[in-house]
Amino acid sequence: MVWANNFFWGWLLAFAGMAIPGLGNMTTANVTMRYGVKAGLASALGGAVVVFIQAKIAVGFANYLSTHGEVLTNLKKLAVLIFLALSAAFLKQALRPKKRNGQKPYPGTPFLSGCAASGVNALNIPFYFTASAFLDSHGWLLLRPYSGWGVALGAFVGAFSVLALYAYLARLATQSALLRDKTMNYFLSALFFALALW
């Protein structure tokens, strides 16, 4: 029962936390729009694998992170630099004129692009740490040896669910011509600039 409870909370935290547009979601949507749903789902799988690892680290080392606040401070400083760099990169892509002649095969590994997008999100570990500590303090999440795997697996399923949803929505948007690469890149540039300022 403890495992199922922890799985549920891991799923809910990941689904709710990743439903808001962010780097992982927009990367999956961008890959889908450019290279198709299959590449988008591979990117979603890569992102979910990294969320699984981040959730396991956060839950497994909750005691260490709570006693060493400098780790969280350094992660936040690193996140600002990463967001500024990503903002500049997407702005550069948006300003570059592009011709599109149908879908091309993905030039790299979409799985690794999903891993990279989720990996640079330095806020996932503090999010899962804070949420698991809060839920544990109220008795809703039971942190025992090996019970962190339930949270991590739930986070994996929740993250993949959201990212796959973004992939399918991006496919619909591409088919109906609601979004274009340039608009997506301007949005991503603005998003990362705002995150860097925040």
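Quick note: structure is the one above.
Given the structure is predicted, the values throughout are model-derived calculations rather than measurements. (Residues numbered from 1 in each chain as written. Predicted model: local features only at pLDDT ≥ 70, side-chain atom pairs only at ≥ 80, totals over all residues. Heavy atoms only, no water.)

Novice: Would you mind showing me how to read the overall build of the protein here?
Specialist: The secondary structure content of the protein amounts to nine helices and zero strands. Expressed as a percentage of its 198 residues, the buried residues of the protein come to 41%. (Helix = DSSP H or I, 4+ residues; strand = E, 2+ residues; numbered from the N terminus. Buried < 20%, exposed > 50% of the residue type's maximum accessible area, 1.4 Å probe, protein only.)

Novice: Help me understand the side chain of Thr-28, please; the structure alone is not making it clear to me.
Specialist: In this structure, Thr-28 sits in helix 2 (residues 23-35). For Thr-28, a relative accessible area of 1% puts it in the buried group. Sequence-distant contacts of Thr-28, defined by excluding residues within four places in its chain, comprise Gly-40, Ser-43, Ala-44, Leu-163 and Ala-167. (Contact = heavy atoms within 4.5 Å.)

Novice: What exactly am I supposed to notice about the environment of Ala-89 here?
Specialist: Position of Ala-89 among the secondary structure elements: in helix 5 (residues 69-95). Take Ala-89: its relative accessible area is 41%, and that puts it in the partly exposed class. Placed 99 residues apart in sequence, Ala-89 and Leu-188 show a C-alpha to C-alpha distance of 9.4 Å.

Novice: Help me understand the packing of aromatic side chains in this model?
Specialist: Any aromatic ring pair is given by two values, namely how distant the centres are and how the planes are angled relative to each other. Using the criterion set out here, one finds seven aromatic pairs in the structure. When the centroid spacing of 6.0 Å and the interplanar angle of 70° are considered together, the rings of Phe-134 and Trp-140 count as edge-to-face. Ring-pair connections join several aromatic residues into one group, and the members of that group are Phe-8, Trp-9, Phe-134 and Trp-140. Taking NZ or CZ as reference, Lys-56 lies 4.7 Å from the ring centre of Trp-149, over its face. (Phe/Tyr/Trp six-rings, centres within 6.5 Å; stacked < 30°, edge-to-face > 60°. Lys NZ or Arg CZ within 6 Å of the ring centre and 35° of its normal.)

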